[in-house]
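Coordinates in review
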Amino acid sequence: MASNGYRNGTNKGAIKPISSSNARSSSFKSRLPPSSNHSSGSALRRTSSASFSSGAGGDGVPGRVRVAVRLRPRNAEESIADADFADCVELQPEFKRLKLRKNNWESETYEFDEVLTEFASQKRVYEVVAKPVVESVLDGYNGTVMAYGQTGTGKTFTLGQLGEEDTSARGIMVRSMEEILTNVSPGTDSVSVSYLQLYMETIHDLLDPANDNISIVEDPRTGDVSLPGATHVEIRDEQSVLELLKLGEAHRIAANTKLNTESSRSHAILMVHIKRSVIGEEASNPSETEKSSHFAKPPKPLVRKSKLVLVDLAGSERVQKSGSEGHMLEEAKSINLSLSALGKCINALAENSSHVPIRDSKLTRLLRDSFGGTARTSLIVTIGPSPRHRGETASTILFGQRAMKVENMLKIKEEFDYKSLARKLEIHMDKLIAENERQQKAFDDEVERTNLEAEKRVSEAERNFTDALEKERLKCQMEYMGSVKMLEEKMIENQRKCGCGGLTMDKCNGEGPGSSIGEDIGEVKKMLEKETHMRKEAEKEVDKLRSQLGQCTDAGAGVDAEILKLQIALEDEVLQKRKLEEEIVVLRSQMLQLTFEADQMRRCLSGGGPGNAYTGLDSPMSQVSDNGHKTPVSALFDQVGVQKVLDLLESEDANVRIHAVKVVANLAAEEANQERIVEAGGLTSLLTLLRSYEDETVRRVAAGAIANLAMNEANQELIMLQGGISLLSITASDAEDPRTLRMVAGAIANLCGNDKLQAMLRSEGGIKALLGMVRCGHPDVLSQIARGIANFAKCESRASSNGIRSGKSLLIDEGALPWIVQNATNDAAPIRRHIELALCHLAQHEVNEKDMINGGALWELVRITRDCSREDIRSLARRTLNSSPVLRAEMRRLRIEL
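Residues numbered from 1 in each chain as written. Predicted model: local features only at pLDDT ≥ 70, side-chain atom pairs only at ≥ 80, totals over all residues. Heavy atoms only, no water.

**Considerations on the overall build of the chain**
Put simply, the rule is: Helix and strand definitions here come from DSSP, where helices need a minimum of 4 consecutive H or I residues and strands a minimum of 2 consecutive E residues; each element is numbered from the N-terminal end. Per-residue accessibility, obtained with a 1.4 Å probe over protein chains only, is compared with the maximum for each type, and a residue is labelled buried under 20%, exposed over 50%, and partly exposed between these values. Each accessible area is a Shrake-Rupley estimate made with a 1.4 Å probe; only the visible protein chains count as cover when residues are assessed.
Within the chain, the secondary structure is distributed over 34 helices and 19 strands. Scored against the burial criterion, the 898 residues of the chain give a buried share of 47%. Total accessible area on the chain stands at roughly 45,500 Å², and carbon and sulfur atoms take up 51% of it.

**Remarks on the confidence of the model for the chain**
For the record, the criterion: Per-residue confidence from the predictor is given as pLDDT, running between 0 and 100. Contacts were defined at the residue level, with two residues in contact if any of their heavy atoms lie within 4.5 Å.
Per-residue confidence for the chain gives a mean pLDDT of 77, with 76% of residues at or over 70. Low confidence marks residues 281-296, where pLDDT is under 50. Its contacts with residues over four positions away, or in another chain, come to 16 contacts. Low pLDDT, under 50, characterises residues 607-631; the predicted model gives this stretch 59 contacts beyond four residues in sequence or across chains.

**Topic: unusual backbone geometry**
A positive phi angle is found at Glu201, which is not glycine, with a value near 60 degrees. Notably, Arg895 is not glycine yet its phi reads approximately 60 degrees, a positive angle. Within the element layout of this structure, Arg895 appears in the segment after helix H34 (885-893).

**Remarks on the packing of aromatic side chains**
Counted only if it meets this: Aromatic pairs are defined between Phe, Tyr and Trp rings, using the six-membered ring for Trp, whenever the two ring centres lie within 6.5 Å; interplanar angles under 30 degrees are classed as stacked, those over 60 as edge-to-face, and all others as tilted.
Tallied over the full model, the rule gives one aromatic pair. Aromatic side chains Tyr148 and Phe399 sit 3.8 Å apart centroid to centroid with 10 degrees between the ring planes, which places their arrangement in the stacked category. Linking Tyr148 in strand S7 (residues 143-149) with Phe399 in helix H13 (residues 390-403), this pair joins segments that are 251 residues apart in sequence.

**Considerations on the sheet that holds strand S5 (residues 107-111)**
Put simply, the test is: Think of it this way: DSSP has to see at least two bridges between two strands before they count as a pair. The axes are straight lines fitted to the C-alpha atoms, using for helices just the contacting stretch, and the angles between their N-to-C directions are given from 0 to 180°.
Spatially, the three strands line up as an open sheet ordered S3-S4-S5, and their pairing is antiparallel. Of all strands in the sheet, those bounded by a partner on one side alone are strand S3 (89-92) and S5. Each strand of the sheet is rotated relative to its neighbour by a mean of 20 degrees, with strand direction disregarded. Bridge count between strand S4 (residues 97-101) and S5: five bridges; the pairing is antiparallel. Across the sheet, Arg101 pairs through a bridge with Ser107, a residue of S5.

**Details of helix H30 (residues 829-843)**
For an α-helix, 3.6 residues make a turn, and residues three or four places apart therefore share a direction. We count it as follows: Expected helix span is taken as 1.5 Å per residue step, with the number of steps being one fewer than the number of residues.
Here H30 is 15 residues long and its end C-alpha atoms lie 21 Å apart, about the 21 Å a rise of 1.5 Å per residue gives. When H30 is considered as a whole, its buried residues turn out to be Ile831, His834, Ile835, Glu836, Ala838, Leu839, Cys840, His841, Leu842 and Ala843.

**Some thoughts on the pattern of salt bridges**
Threshold: The rule for a salt bridge is simple: a side-chain nitrogen of Lys or Arg has to be within 4 Å of a carboxyl oxygen of Asp or Glu.
All chains considered together, the criterion is met by 32 salt bridges. A salt bridge links Arg66 to Asp113; its shortest N-O distance comes to 3.5 Å. One end of the pair, Arg66, is in strand S2 (residues 66-71); the other, Asp113, is in the loop between S5 and strand S6 (114-116), and 47 residues separate them in sequence. For the pair formed by Arg66 and Asp113, the shared burial category is buried.

**Digging into the side chain of Ser266**
What counts is decided by this rule: Polar contact is the term for a pair of N or O atoms within 3.5 Å; when the atoms are in protein, one must be able to donate a hydrogen and the other to accept it, and sequence-neighboring residues count only if both atoms are side-chain atoms.
Structurally, Ser266 can be placed in the loop between strand S14 (263-264) and strand S15 (267-280). Of note is the side chain of Ser266, whose polar atom sits 2.7 Å from the side chain of Gln197. If near-sequence neighbours (up to four positions away) are discounted, Ser266 is found in contact with Gln197, Leu198, Tyr199, Arg252, Ile253, Asp312 and Ala314.

**Looking at the nonpolar core**
In a soluble, globular protein the nonpolar side chains are often hidden away together inside. Our working definition: Here, nonpolar core refers to any group of buried Ala, Val, Leu, Ile, Met, Phe, Trp, Tyr and Cys residues whose side-chain atoms link them within 4.5 Å.
Counting residues in hydrophobic clusters, the biggest one holds 89 residues, and the most contacted among them are Ile748, Leu751, Met773, Ile785, Ile789 and Leu839. Among the elements that take part in this core, helix H18 (residues 654-668) stands out by supplying nine residues, more than any other. Residues contacting Leu751, with those up to four places away along its chain left out, are Ala710, Gln716, Ile719, Met720, Ile725, Leu728, Leu757 and Leu761. Grouped together as the second largest cluster of nonpolar side chains are 50 residues, Val89, Phe371, Ala403 and Met404 included.

**Thoughts on the packing of H18 against helix H21 (residues 696-709)**
The following threshold applies: Roughly parallel refers to an angle under 35 degrees, roughly antiparallel to one over 145, roughly perpendicular to one between 65 and 115, and oblique to any angle outside these ranges. Helix crossings get a hand from a simple test, with the near helix turned counterclockwise from the far one by less than a right angle marking a left-handed crossing and a clockwise turn marking a right-handed one. The residue classification treats Ala, Val, Leu, Ile, Met, Phe, Trp, Tyr, Cys and Pro as nonpolar and Asp, Glu, Lys and Arg as charged. All others, Gly included, are polar.
Their axes nearest at 8 Å, the elements H18 and H21 cross at an angle of 15 degrees. Viewed along their axes, H18 and H21 adopt a mutual orientation that is roughly parallel. Regarding H18 and H21, the two cross each other, and that crossing is left-handed. Residues Ile658, Val661, Lys662, Ala665 and Ala668 of H18 lie in contact with H21, whose contacting residues are Thr697, Val698, Val701, Ala702, Ala705, Asn708 and Leu709. Grouping the amino acids of the contact of H18 with H21 by side-chain chemistry returns nine nonpolar, two polar and one charged.

**A look at the environment of Gly753**
Here Gly753 lies in the loop between helix H24 (738-752) and helix H25 (758-763). In this structure Gly753 comes out as partly exposed when scored by relative accessible area, which is 39%. Between the C-alpha atoms of Gly753 and Ala710, which are 43 residues apart in sequence, the distance is 9.9 Å. In contact with Gly753, not counting residues within four places along its chain, are Asn791 and Cys795.

**A look at helix H5 (residues 122-138)**
Rules: Consider a residue and the seven residues that end there alongside the seven that start there; fitting an axis to each set, the bend is the angle between those axes.
Where H5 bends most, at Ala130, the angle is about 50 degrees, and the proline Pro132 comes one to four residues later. With twelve of 17 residues buried, H5 is to be regarded as a mostly interior element. Buried within H5 we find Gln122, Val125, Tyr126, Val128, Val129, Ala130, Pro132, Val133, Val134, Ser136, Val137 and Leu138. Downstream of H5 by one or two residues, Gly140 has phi in the positive range, about 115 degrees.

**Observations concerning the side chain of Glu860**
Mapped onto the secondary structure, Glu860 falls in helix H32 (residues 857-867). Among the polar contacts made by the side chain of Glu860, one reaches the side chain of Arg863 at a distance of 2.8 Å. Ignoring any residue separated from it by four or fewer positions in sequence, one finds Glu860 in contact with Val821, Ala824, Thr825 and Leu839.

**Let's talk about the pairing of S2**
Burial of S2 is extensive: six of the six residues sit out of reach of the surface. By the alternation rule, side chains of S2 split into Arg66, Ala68 and Arg70 and Val67, Val69 and Leu71, which are all buried. Two elements, S2 and strand S17 (residues 376-383), share six bridges in a ladder whose sense is parallel. Its bridge partner lying in S17, Val67 is registered against Leu379.

**With respect to the environment of Pro62**
Within the fold, Pro62 resides in strand S1 (residues 61-64). Accessibility expressed as a relative area gives 54% for Pro62, which makes it exposed. Aside from chain neighbours lying at most four places away, what touches Pro62 is Glu407, Asn408 and Met409.

**Structural notes on the packing of helix H20 (residues 682-692) against helix H23 (residues 724-734)**
Two elements in contact, H20 and H23, have axes whose closest approach is 10 Å; the angle formed by their N-to-C orientations is 35 degrees. Viewed along their axes, H20 and H23 form a crossing whose handedness is left-handed. Two secondary-structure elements touch here, H20 through Leu687, Leu690 and Arg691 and H23 through Gly724, Leu727, Leu728 and Thr731.

**Considering the pairing of S4**
A one-sided burial pattern is seen for S4, the buried positions being Leu98 and Leu100 and the unburied ones Arg97, Lys99 and Arg101. If you look at the hairpin formed by S3 and S4, you'll find four residues sitting between the two strands, and Lys96 has a positive phi there, around 55 degrees. Between the end of S4 and the start of S5, which pair antiparallel, lie five residues.

**Digging into a positive patch on the surface**
Worth spelling out the cut-off: Only residues whose relative accessible area exceeds 30% and that take part in no salt bridge are eligible for patches, with like-charged residues grouped when within 9 Å of each other and nonpolar side chains (Val, Leu, Ile, Met, Phe, Trp, Tyr) grouped when within 5 Å. For this count, His and the chain ends are skipped, Lys and Arg are scored as positive, and Asp and Glu as negative. Here the site of a charge means NZ on Lys, CZ on Arg, CG on Asp, or CD on Glu.
A grouping of Lys275, Lys419, Arg423 and Lys424 is seen on the molecular surface, where their side chains present a positively charged patch. For the positive patch, the leading source of residues is helix H14 (residues 418-509), giving three residues. Here Lys275 shows up in strand S15. Judged by its relative accessible area of 38%, Lys275 is partly exposed.

**Details of the state of the cysteines**
What counts here: Note on terminology: disulfide denotes any pair of cysteine sulfur atoms within 2.5 Å.
This model, assessed by the stated rule, comprises zero disulfides. Free cysteine Cys840: the closest other cysteine sulfur is in Cys868, separated by 7.9 Å.

In structure tokens, the structure reads:
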């Protein structure tokens, strides 16, 4: 552009600076939001890679492609050949501009983000061009650094110089890897490298020369470009980087031309994949209830995956100047075509064109994220000073000017580190279990010690009381025996006296025997009174001993009260233990759910697909491990017991109830657990939840569990007998969430595959409910609806062939045929495949043929015989048409041939 044109603002080729401060900035580094803003938020962050034509939408940060120009010093040949001519380029680095001379009087002025003279060091080139991009990559953004220019202007020197002898000469590739390895943590982060070349529109692996035809794979959902066939090498230190780059350079194709003795004949691409672990924060402050709950979520570990792409483009050249012939001429044509395709894409982006030709070359497909995508891009254009190559220099400068108009939307790609979170939850659970066991052991020891002490005290009191009572009894018994003996002796003595001397005394004294007997009686009375007194004293002593026994009994009652207190405390501990066990069950379910989600995510990313349609709950569990061991859910099932898990469905805590129904749903995904769940009343509990709870999560997971149980034929009849189809129909009419409708549709689709239940399905509104969910329009829901229709049509076809039923299809009576015909060419493969099967099965019964002809199904059957991607379905459609006289006649009338 002419300088006058630039000053007047009439030239469209220039990029005017946004502000004076931006024009004088010495760094490419643009302002990015703090990383903390990206680490918080939703449960799982996925950023889709934009294509060349992506706009400034979404959550990205705008970032223009930054362009620097570097002038190569004159070489020996130019010093001799151009000795009498001035350089065609004049640099003004302080103003970040250069002048391209037309002649001695006229020149064109261009502005860039950075202008590097021929004296600029490799370190300065790295700091102003690549360092900001590398820092962004370490923060989680994708980044690209690319060198463009004519052959022999120093692109490979700028990017790929190894500098083994002189470290100051190291290029951007080596310096970028040094900074990445310095800033990553070996314990938690990982860095892997792939080194490729694009030669003659074929991608070669520079680290494995035998791998010479690598295909490009594009994710249809996100648009991400990947090379699964390339070699990925884990990088640990700087020495391994140098060895890999040296190995790649040895395999890179180069040739001797008139412009460069070692001209690169391919585009070299170094891809660096970085995975870093960070800790995310919750998006909102937890409530007081959540703070006090045992189920408060821990900080979420996140993984940031970023990619740095370093591209050393092959040099553009003119054949008459390079002298290329034969095979080298074909190489030059391929290089110029790919660079031309890149230029067309940049022109289209710079002019906001509605069409960007990214598929014209593999180079543009590989760089779709670098221009107009989500990567932060820096471009360094290299030029030479010789006036002989002024045309090539002008073309290179204009390429850089157009690239400066391209806007990217920078995005961070984050996802949860499920393994780390599961590991932390497992450690936390182990600590809780160990602490609970320690407290339980201490409590048991204390109870045992108290019981032993109480038993010892009671035993001692009983022994003392027994000894005292025995001594008193013996004492009383001895006194009593002594008194009786004295009375017997006196009685014997009185009898002897009365028998021997009674008459003599009467005669001598003149007295009768009555006076002596009266005295004896009086003496006996005194003795009896004395004995009575002694007995009363003994009774008093016994009463005293009894009072002492009462005191001992009171002491024993005190011990019993203490034991009662201990029993109450023991019951409180048992209650607390039961609560802890419930918390442990929930924590285990959380851990196992997160572990499976990580496995499910890994299978999806590796191309495994979404998996079973009915185990797709919020946190589904895998069914059987590869080595035959029980899954984590089955292990939890055996440890806790099905009844305890089902009891948690009635918990008053909403979080416990939600986790419990998820565990039951995941257990139901395994056929080995289904019989035990049904026998323990699990099916009834799930139907009760579906009937009574308005919580969307509970309804969705309960419907998914019923869908899992409905995969078993025996359970299907139980579901129907307990009114399950009516509840599923009500849920289908009330729910709006696509995930809930997907579970309900999956359950009904399973029931549709049972020959015995077709009439009941229609009478209880199952077919209407299945067709009513079409209103959702979500592909997953439509896929389950199509599967249910295919199952139903297959059962009808089988029953008609066996002579069990006659009459028109119930699906046609319910008005399903227009929707079937409309979706026979649906873009989603699962929907289209099931619809095609349903059409084939409906056409096998002659009663349906007239309706199918009137409804346009015949044309779809003919199309299936020609365009269906599956051979078995094409064969089935062909057999169906050939076996039906009515359909063959209609085809002859319409002049249709298979």
